[in-house]
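Here's the letter readout for the chains.
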Amino acid sequence: MTAHGNGTRPDFDAVVIGMGFGGLRMLWELHQLGLSVRAYERGSDVGGTWYWNRYPGARTDSEAWVYCMFFDEKLKQEWDWPERFPKQPDMERYLQHVADRFDMRRDIRFETVVTSAVYQEGTGLWEVGTDRGETVTCRYLISATGLLHVAYEPPFPGLESFEGESYLTSRWPKEPVDFAGKRVAVVGTGATAVQVIPEVAREAEHLRVFQRTPNYVLPSRNHALEKAQRDEIKRDYPEIIEKLRKQPFAFPMDPANRMYDENRSPEEVRRILDAAWEAGGFYYLFTAFDDLLIDERSNRFASDFLREKIRTIVRDPETAEKLTPKYPYAGKRPPLGHFYYETFNRDNVDLVDVKADPIAEITPTGIRLESGEEHEADIIIFALGFDALTGALTEMDLRGRGGVSMRDKWADGVHTYLGLCVDSFPNFFMLSGPQSPFANIPAVLDQSVAFVGRLLGYLGEHGVDRIEPTGDAVHGWGEKCQALLDMAPPIKAGLAVSSWFLGANIPGKKPSVLFYFGGAAAYFDDLEKVADRDFDGFAMVSPAGV
Ligand code: NAP
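- Going by what an unreviewed UniProt entry lists, the protein chain is known as NAD(P)/FAD-dependent oxidoreductase and is assigned to Pseudonocardia eucalypti.
- Turning to the protein chain, the UniProt record has this under Sequence similarities (unreviewed entry): "Belongs to the FAD-binding monooxygenase family."

This is the structure we're talking about:
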């Protein structure tokens, strides 16, 4: 394929920001297209999420065989996954292997942060600036900054006065942290803390968990993969992939083929939910009832069942009550646990309700609550979540046509087309952007990148210089995302419990619908339709201005 565009030649055809799953997958696609690329990565190696989140207990919440790269048959056949839900070091090693295997490192500048990307109307190129003072131009700008990258920093006064050690889970040091003989505090009980808590509890002298909102934690039922199981996975990949492309959350699971039915007996409901609970992972969410996320009655069954499980597992009734969510199941993203609730039965673990008595400040010796109650700690771990989906894109100085900044563009809520592009930002593509589907992320990235690749191929073949979505297409996509959310009351209930799905977890961030909740399969169909219709919804400008 020939170099794209006309007129002023850029330094690179494409610049990719971020070298996690999305960036690496994009790099491969760009290599296939024969385009020149410069990639920037903040970390000292590839991995993205799996580079930064090296906290104790970090591992995937999706089965290894669907949380991987799909593009290369040999890669799938030569890689052996050790466990159903691989640990962070295994994921990091895998992504490093991908970078080496496909000779990607030559294009990557590590330990380099993209600080600005400004569209130049005169040349139709992007000018990308880094914290190392480098400036390069490119025709296509692709952000692969991850949906969960910019950490929500502890907002508590007095943090700098703390005389012990404090850590943010998403900036965990590479060196091991020793918890032996220490009093450890964990603040937060999201999917991250849920993984940290059982690990730290095993080592620390004492662990105190500061919880604002409880979560519905599903048992993972993790296990090692024997050789026979690994061989089976390798053999079944074509079937796995075919299946996941049809499933709403891009997991290779069969539909329940069951909805809420008032005639179903309580015993039958319990038997169905029990089987899904025992299967572990997201089987509970995706294989019990097909209307869990859209029918409040069905959701109530699932929520009540989980509340009962918590009360059964946790021995101290007061602690069990604190751990029991009152909002609908999936109002917040449900984490997977590895003996999470059981951890609260340990003598060295207790729970503090900081909804009832919020954290007022960090003192030199620990945490002080608004009531004045003080909790001493040697180590504080903050697992407070992220400025999800938009944070990394509004953090840098990203400016499109007419100098419009992404910060201003999204000040009143996000606006995108397909979760991939934004009007006034020509030749700019986002991977895991806001309003892309909530589903198994590598699968969504795989299809999103394939779409961008097809689009770039089209532009090259048709001599198109510039492409951006029309205002109408962006408006239509926003309406579609809102309508899909309106059809899912349990997810919408997340607004009341600071769900990051809706941007409600960051003080000052305007809540808006940050995901396309129509399911991955429907989204993949949408992408295909758009591409088949010569990229419907996009305005294209060729050098002659046609
Ligand atoms: P999160 O779900 O947003 O949880 C943040 C936690 O911090 C919440 O419990 C929150 O309480 C608490 N918090 C925030 N401000 C607080 C304050 N002022 N005082 C006390 N507590 C406060 O973040 P996360 O746990 O990092 O997870 C984010 C997402 O990352 C997950 O939902 C998941 O999609 C992904 N993740 C995936 C995996 C995996 O796949 N293996 C693992 C970890 C994370 P409130 O709930 O009251 O706001």
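### Here's the deal with the site of the ligand
Then, in step 1: Surveying the vicinity of the ligand reveals 25 residues, the closest of which are Arg59, Thr192, Thr213, Lys332 and Ser498.
Then, in step 2: A distance of 3.3 Å is found between a nitrogen atom of the ligand and a side-chain nitrogen or oxygen belonging to Asp61.
Then, in step 3: At 2.8 Å from an oxygen atom of the ligand is found a main-chain nitrogen or oxygen belonging to Thr189.
Then, in step 4: Relative to its free-state accessible area of 900 Å², the ligand is covered by the protein chains to the extent of 90%.
Then, in step 5: The element best represented in the shell around the ligand is helix α5 (residues 191–203), accounting for three residues.

### Some words on the side chain of Lys509
Then, in step 1: Within the secondary structure, Lys509 sits in the loop between α16 (489–492) and β21 (515–516).
Then, in step 2: We classify Lys509 as buried; its relative accessible area is 17%.
Then, in step 3: Separated by 3.0 Å, the side chains of Lys509 and Thr390 make a polar contact.
Then, in step 4: Those residues in contact with Lys509 that sit more than four places away from it in its chain are Asp387, Ala388, Thr390, Gly503 and Leu514.

### Here we look at the sheet that holds strand β13 (residues 359–363)
Then, in step 1: With antiparallel pairing, three strands are arranged side by side in an open sheet as β13-β14-β15. This sheet does not close on itself; its edge strands, each paired only once, are β13 and β15 (374–376). Neighbour-to-neighbour, the strand axes of this sheet turn through a mean angle of 20 degrees, independent of strand direction.

### Side note on the pattern of salt bridges
Then, in step 1: In this structure the tally under the stated criterion is 49 salt bridges.
Then, in step 2: Of the charged contacts in the structure, one is a salt bridge between Asp80 and Lys234, with a shortest N-O distance of 2.8 Å. Residue Asp80 is located in the loop between α3 (73–78) and α4 (88–101), and its partner Lys234 is located in helix α6 (residues 227–244); the two are separated by 154 residues in the primary sequence.
Then, in step 3: Judged by its relative accessible area of 14%, Lys234 is buried.
Then, in step 4: Across the pair Glu268 and Arg271 runs a salt bridge, and its minimum N-O distance is 3.9 Å.

### Overview of the environment of Phe289
Then, in step 1: With respect to the element layout, Phe289 can be found in the loop between α8 (283–287) and α9 (296–313).
Then, in step 2: Along the backbone, Phe289 and Ile272 are 17 residues apart, and their C-alpha atoms lie at a distance of 8.4 Å.

### What about the packing of aromatic side chains?
Then, in step 1: Within this structure, the stated rule accounts for 45 aromatic pairs.
Then, in step 2: For the ring pair Trp172 and Phe179, a centre distance of 6.5 Å and an interplane angle of 40 degrees mean the geometry is tilted. Of the two residues examined, Trp172 and Phe179, each falls in the buried class.
Then, in step 3: Considering the side-chain rings of Phe438 and Phe515, the 5.1 Å spacing of their centres and the 65 degrees angle between planes classify their relative orientation as edge-to-face. On the criterion of sequence distance, the pair formed by Phe438 in the loop between β19 (436–437) and α14 (441–461) and Phe515 in strand β21 is long-range, its members being 77 residues apart. Of the two residues, Phe438 and Phe515, neither departs from the other in class, the shared state being buried.
Then, in step 4: The structure contains a cluster of three or more aromatic residues connected by ring pairs, namely Phe249, Phe251, Phe282, Phe286, Phe438, Trp500, Phe501, Phe515 and Phe517.
Then, in step 5: Lying over the aromatic face of Tyr51, Arg54 brings its terminal NZ or CZ to 5.1 Å of the ring centre.
Then, in step 6: In this structure, Lys76 packs its charged tip against the face of Tyr237, placed 5.7 Å from the ring centre.

### A few points about the layout of surface pockets
Over the atoms, a rolling probe the size of a water molecule traces out where space has been left empty.
Then, in step 1: Taken as a whole, the second largest pocket holds about 510 Å³ of empty space.
Then, in step 2: Along the walls of the second largest pocket sit 23 residues, with Pro248, Phe249, Asp290, Leu293 and Gly519 positioned nearest its centre.
Then, in step 3: Residue composition of the lining of the second largest pocket, grouped by class: 15 nonpolar, three polar and five charged.
Then, in step 4: If you count residues domain by domain, the lining of the second largest pocket takes at least three from each of domain 1 (12–150 + 388–535) and domain 3 (226–329).

### Focus on the packing of helix α7 (residues 266–279) against α9
Then, in step 1: Two elements in contact, α7 and α9, have axes separated by 11 Å at closest approach and are oriented at 65 degrees. Classified by the interaxial angle, the pair formed by α7 and α9 is roughly perpendicular. Helix-helix and strand crossings are classified by hand; for α7 and α9 the assignment is right-handed. Contacts between α7 and α9 involve Val269, Arg270, Leu273, Asp274 and Trp277 on the former and, on the latter, Phe301, Ala302, Phe305, Leu306, Glu308, Lys309 and Ile313.

### Structural notes on the sheet that holds strand β12 (residues 349–353)
Then, in step 1: Taken in spatial order, the five strands of this open sheet run β7-β16-β8-β9-β12, and their pairing is parallel. Two strands lie at the open edges of the sheet, namely β7 (165–168) and β12, each paired on one side alone. On average, adjacent strands in this sheet sit at an angle of 20 degrees to one another, irrespective of strand direction.

### Points about the environment of Val184
Then, in step 1: Tracing the backbone through its elements, the reader meets Val184 in strand β8 (residues 183–187).
Then, in step 2: Separated by 284 residues in sequence, Val184 and Glu468 have C-alpha atoms that sit 50 Å apart.
Then, in step 3: If we skip the residues at most four places from it in the chain, Val184 touches Phe179, Val200, Ala204, His206, Leu207, Arg208, Ile379 and Ile381.

### Considering helix α17 (residues 520–532)
Then, in step 1: A rise of 1.5 Å per residue sets the reference length of α17, with its 13 residues, at 18 Å; its end C-alpha atoms lie 18 Å apart and thus fit the reference within 8%.
Then, in step 2: For α17, the full list of buried residues reads Ala520, Ala521, Tyr523, Phe524, Asp526, Leu527, Val530 and Ala531.
Then, in step 3: Structurally, α17 contributes buried residues whose contacts are with β19, α14, α15 (471–486), β21 and β22 (538–541).

What counts and what doesn't
- Residues numbered from 1 in each chain as written.
- Predicted model: local features only at pLDDT ≥ 70, side-chain atom pairs only at ≥ 80, totals over all residues.
- Heavy atoms only, no water.
- UniProt positions renumbered as here; feature names shortened; annotations may be inferred.
- Near = heavy atom within 4 Å.
- Polar contact = N/O pair within 3.5 Å; in protein donor to acceptor, adjacent residues only side chain to side chain.
- Areas by Shrake-Rupley, 256 points an atom, 1.4 Å probe, with all protein chains shown as cover.
- Helix = DSSP H or I, 4+ residues; strand = E, 2+ residues; numbered from the N terminus.
- Buried < 20%, exposed > 50% of the residue type's maximum accessible area, 1.4 Å probe, protein only.
- Contact = heavy atoms within 4.5 Å.
- Pairing = 2+ DSSP bridges.
- Axes fitted to C-alpha atoms, helices over the stretch in contact; angles between N-to-C directions.
- Salt bridge = Lys/Arg side-chain N within 4 Å of Asp/Glu carboxyl O.
- Phe/Tyr/Trp six-rings, centres within 6.5 Å; stacked < 30°, edge-to-face > 60°.
- Lys NZ or Arg CZ within 6 Å of the ring centre and 35° of its normal.
- 1 Å grid on protein atoms, 1.4 Å probe; cavity = no way out; pocket = protein on both sides within 12 Å on 5 of 7 lines; lining within 4 Å.
- Points joined across faces, edges and corners; volume = space filled by probe spheres on them.
- Nonpolar A, V, L, I, M, F, W, Y, C, P; charged D, E, K, R; others polar.
- Domains from an automatic or database assignment.
- Parallel < 35°, antiparallel > 145°, perpendicular 65-115°, else oblique.
- Left-handed = near helix turned anticlockwise from the far one by under 90°.
- Expected span 1.5 Å × (residues − 1).

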